[in-house]
Amino acid sequence: MKPAMGQSALILGVALADADSGRPTLVHSLEMGKAEVNNRVLAARSRRPGHRGR
């Protein structure tokens, strides 16, 4: 995959699916800080696009 092609969103989606199935899940990103990861998780849980809730 190329840079800026959604790898972080893909991995976060996989992590959320694992967490929903009851598996212990940890997300560590070199590209995003803790606040941005938290914002993306909240946006995914609320079914709102992440760029609109700021």
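Structure: above.
None of these values were measured; they are calculated from a predicted model. (Residues numbered from 1 in each chain as written. Predicted model: local features only at pLDDT ≥ 70, side-chain atom pairs only at ≥ 80, totals over all residues. Heavy atoms only, no water.)

(A) Structural view of the overall build of the protein chain. Per the secondary structure count, the protein chain includes 2 helices and 0 strands. A burial count over the protein chain gives 13% of its 54 residues as buried. In the structure as shown, the protein chain presents an accessible area of about 4700 Å², 57% of it carried by carbon and sulfur atoms. (Helix = DSSP H or I, 4+ residues; strand = E, 2+ residues; numbered from the N terminus. Buried < 20%, exposed > 50% of the residue type's maximum accessible area, 1.4 Å probe, protein only. Areas by Shrake-Rupley, 256 points an atom, 1.4 Å probe, with all protein chains shown as cover.)

(B) Representation of helix H2 (residues 34–46). In a regular helix each residue adds 1.5 Å, so 13 residues correspond to 18 Å; H2 covers 18 Å between its end C-alpha atoms and thus fits that length. Immediately beyond the C-terminal end of H2, within one or two residues, lies Arg47, with a positive phi of roughly 60°. (Expected span 1.5 Å × (residues − 1).)

(C) Quick look at the side chain of Ser29. Relative to the helices and strands, Ser29 resides in the loop between helix H1 (7–20) and H2. In terms of polar contacts, Ser29 uses its side chain to reach the backbone amide nitrogen of Met32, at 3.0 Å. (Polar contact = N/O pair within 3.5 Å; in protein donor to acceptor, adjacent residues only side chain to side chain.)

(D) Structural context of a nonpolar patch on the surface. Residues Leu10, Ile11 and Val14 make up a contiguous nonpolar surface patch of about 270 Å² in total accessible area. Considering the arrangement of structural elements, one finds Val14 in helix H1. (Patch = residues over 30% accessible without salt bridge, like charges linked within 9 Å, V, L, I, M, F, W, Y side chains within 5 Å. Salt bridge = Lys/Arg side-chain N within 4 Å of Asp/Glu carboxyl O.)

(E) Structural detail: the packing of H1 against H2. One can describe the packing of H1 onto H2 by two numbers: an axis separation of 11 Å at closest approach and a directional angle of 65°. Read as a crossing pair, H1 and H2 show a hand that is right-handed. Within the contact between the two elements, H1 uses Ser8, Ala9, Leu12, Leu16 and Asp20 and H2 uses Val37, Arg40, Val41, Ala44 and Arg45. (Axes fitted to C-alpha atoms, helices over the stretch in contact; angles between N-to-C directions. Left-handed = near helix turned anticlockwise from the far one by under 90°. Contact = heavy atoms within 4.5 Å.)

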